[in-house]
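Given next are the chains, with one letter for each unit.
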Amino acid sequence: ANLGAPAALVAGAVLATMVDSREAMSPKKSDKRIIHIAKKTYRFLLLSSFALEIISIFVTTVTGTMLLSHGDAAVLKNLNFNSPMGMLMHNWEFEYLTAR
């Protein structure tokens, strides 16, 4: 399960959007105060979206490696979980929420 792929696509789309809208969304001195704030908020939201997508890729990669390093499904049966995602949801809530 490659959980980081959708996050990588979104992160790439965010970068493309930032490059395409760089001139139009740059705050100018002639802009009204509300427009100036809106443009800064737009830039902040794009940057935070990119950062959160990269964090999601990192967490899913590390978590996937951690789960795969614990052997086969026999381990999950002993722990009463039906799937690796069930174990993740029960034991590592932050990683589960980041991946989802």
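Report follows, based on the coordinates. (Residues numbered from 1 in each chain as written. Predicted model: local features only at pLDDT ≥ 70, side-chain atom pairs only at ≥ 80, totals over all residues. Heavy atoms only, no water.)

### Some words on the layout of surface pockets
So, step 1. Volume-wise, the second largest pocket comes out at about 150 Å³.
So, step 2. Looking at the second largest pocket, the residues that line it are Leu 15, Met 18, Val 19, Ser 21, Arg 22, Met 25, Tyr 42, Arg 43 and Leu 46.
So, step 3. Contributions of two or more residues to the lining of the second largest pocket are made by α1 (4–20) and α2 (33–68).
So, step 4. For the lining of the second largest pocket, the per-class residue count stands at six nonpolar, one polar and two charged. (1 Å grid on protein atoms, 1.4 Å probe; cavity = no way out; pocket = protein on both sides within 12 Å on 5 of 7 lines; lining within 4 Å. Points joined across faces, edges and corners; volume = space filled by probe spheres on them. Helix = DSSP H or I, 4+ residues; strand = E, 2+ residues; numbered from the N terminus. Nonpolar A, V, L, I, M, F, W, Y, C, P; charged D, E, K, R; others polar.)

### Comments concerning α2
So, step 1. The terminal C-alpha atoms of α2, which comprises 36 residues, lie 52 Å apart, in line with the 52 Å expected from a rise of 1.5 Å per residue.
So, step 2. Those residues of α2 that sit buried are Lys 39, Leu 46, Ser 56, Val 59, Thr 60, Thr 63 and Leu 67. (Expected span 1.5 Å × (residues − 1). Buried < 20%, exposed > 50% of the residue type's maximum accessible area, 1.4 Å probe, protein only.)

### A closer look at the environment of Gly 12
So, step 1. Mapped onto the elements, Gly 12 comes out in helix α1.
So, step 2. A sequence separation of 38 residues divides Gly 12 from Phe 50, and the C-alpha atoms of the two residues are 8.2 Å apart.

### Some remarks on the pattern of salt bridges
Opposite charge on two side chains makes pairing possible when the charged atoms of those side chains draw close.
So, step 1. Evaluated as defined, the whole model comprises one salt bridge.
So, step 2. Ionic pairing is found between Lys 39 and Asp 31, a salt bridge with its closest N-O pair at 3.0 Å.
So, step 3. Residue classification places Lys 39 among the buried residues on the basis of a relative accessible area of 10%. (Salt bridge = Lys/Arg side-chain N within 4 Å of Asp/Glu carboxyl O.)

### So, the side chain of Ser 21
So, step 1. Turning to its location among the elements, Ser 21 is positioned in the loop between α1 and α2.
So, step 2. A polar atom in the side chain of Ser 21 sits 2.7 Å from the backbone oxygen of Thr 17. (Polar contact = N/O pair within 3.5 Å; in protein donor to acceptor, adjacent residues only side chain to side chain.)

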